[in-house]
Amino acid sequence: MIARQLETIVNQRERAYTAAGMRDAVKLQAISTLKRILTFCKGKPEYQQLNMLRPYKGQMQAIMPGHRSRFQGIRNKLSTLIDIL
């Protein structure tokens, strides 16, 4: 469940960056890394997903929308997932 929620958020952020024409290497690398780990942990139990995703908090924070962004819903969901980890 956590992997699916995070995958949705990662895909939304990738679309937002593509639409805005952003080519920030750090954010694109974070998205790539998260997508790779998410495909691996999709079928695992939730406790294993938590353990696998814990080292990637920094990548999750890198793609988090800003405080004044119009994507506050995504920001809140992502910060909740980071807090769970």
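Here, the structure is the one placed above.
Quick caveat: nothing in here was measured; it's all calculated off a predicted structure.

Student: Please provide a residue-by-residue account of the environment of Asn51, values included.
Tutor: Here Asn51 lies in helix H3 (residues 46–53). Residue classification places Asn51 among the partly exposed positions, given a relative accessible area of 46%. At a separation of 2.9 Å, a polar atom in the side chain of Asn51 contacts the side chain of Arg54.

Student: Describe the packing of helix H1 (residues 2–20) against helix H2 (residues 25–41), listing the residues and the values that go with them.
Tutor: In the contact formed by H1 and H2, the axes pass within 10 Å of each other and the chain directions differ by 150°. When the axes of H1 and H2 are compared, the pair comes out roughly antiparallel. Crossing geometry of H1 relative to H2 is assigned as left-handed. Seen from H1, the contacting residues are Ala3, Leu6, Glu7, Val10, Asn11, Arg13, Glu14 and Tyr17; seen from H2, they are Lys27, Ile31, Leu34, Lys35, Leu38 and Cys41. Among the residues forming the contact of H1 with H2, the class breakdown is 8 nonpolar, 1 polar and 5 charged.

Student: Tell me about the pattern of salt bridges, and please be specific about residues and values.
Tutor: The tally for this structure, following the rule as stated, stands at 2 salt bridges. Note that Lys42 and Glu7 form a salt bridge whose closest N and O atoms lie 3.1 Å from each other. With Lys42 in the loop between H2 and H3 and Glu7 in helix H1, this pair connects stretches of sequence that are 35 residues apart. Notably, a salt bridge pairs Lys35 with Glu14, separated by 2.5 Å at the nearest N-O pair. Here Glu14 lies in helix H1 and Lys35 lies in helix H2, a separation of 21 residues in the sequence.

Student: Which residues make up the nonpolar core, and what values go with them?
Tutor: Soluble, globular proteins show a tendency: their nonpolar side chains are buried together. Among the nonpolar cores identified, the biggest contains 23 residues, and Leu6, Val10, Leu38, Leu53, Met60, Ile63 and Leu78 are the most heavily contacted of them. Taken together, the elements giving at least two residues each to this core come down to H1, H2, H3 and helix H5 (72–84). With residues near it in sequence (within four places) discarded, Met60 still touches Leu6, Leu34, Leu53, Leu78, Ile82 and Leu85.

Parameters at a glance
- Residues numbered from 1 in each chain as written.
- Predicted model: local features only at pLDDT ≥ 70, side-chain atom pairs only at ≥ 80, totals over all residues.
- Heavy atoms only, no water.
- Helix = DSSP H or I, 4+ residues; strand = E, 2+ residues; numbered from the N terminus.
- Buried < 20%, exposed > 50% of the residue type's maximum accessible area, 1.4 Å probe, protein only.
- Polar contact = N/O pair within 3.5 Å; in protein donor to acceptor, adjacent residues only side chain to side chain.
- Axes fitted to C-alpha atoms, helices over the stretch in contact; angles between N-to-C directions.
- Parallel < 35°, antiparallel > 145°, perpendicular 65-115°, else oblique.
- Left-handed = near helix turned anticlockwise from the far one by under 90°.
- Contact = heavy atoms within 4.5 Å.
- Nonpolar A, V, L, I, M, F, W, Y, C, P; charged D, E, K, R; others polar.
- Salt bridge = Lys/Arg side-chain N within 4 Å of Asp/Glu carboxyl O.
- Core = buried A, V, L, I, M, F, W, Y, C linked by side-chain atoms within 4.5 Å.

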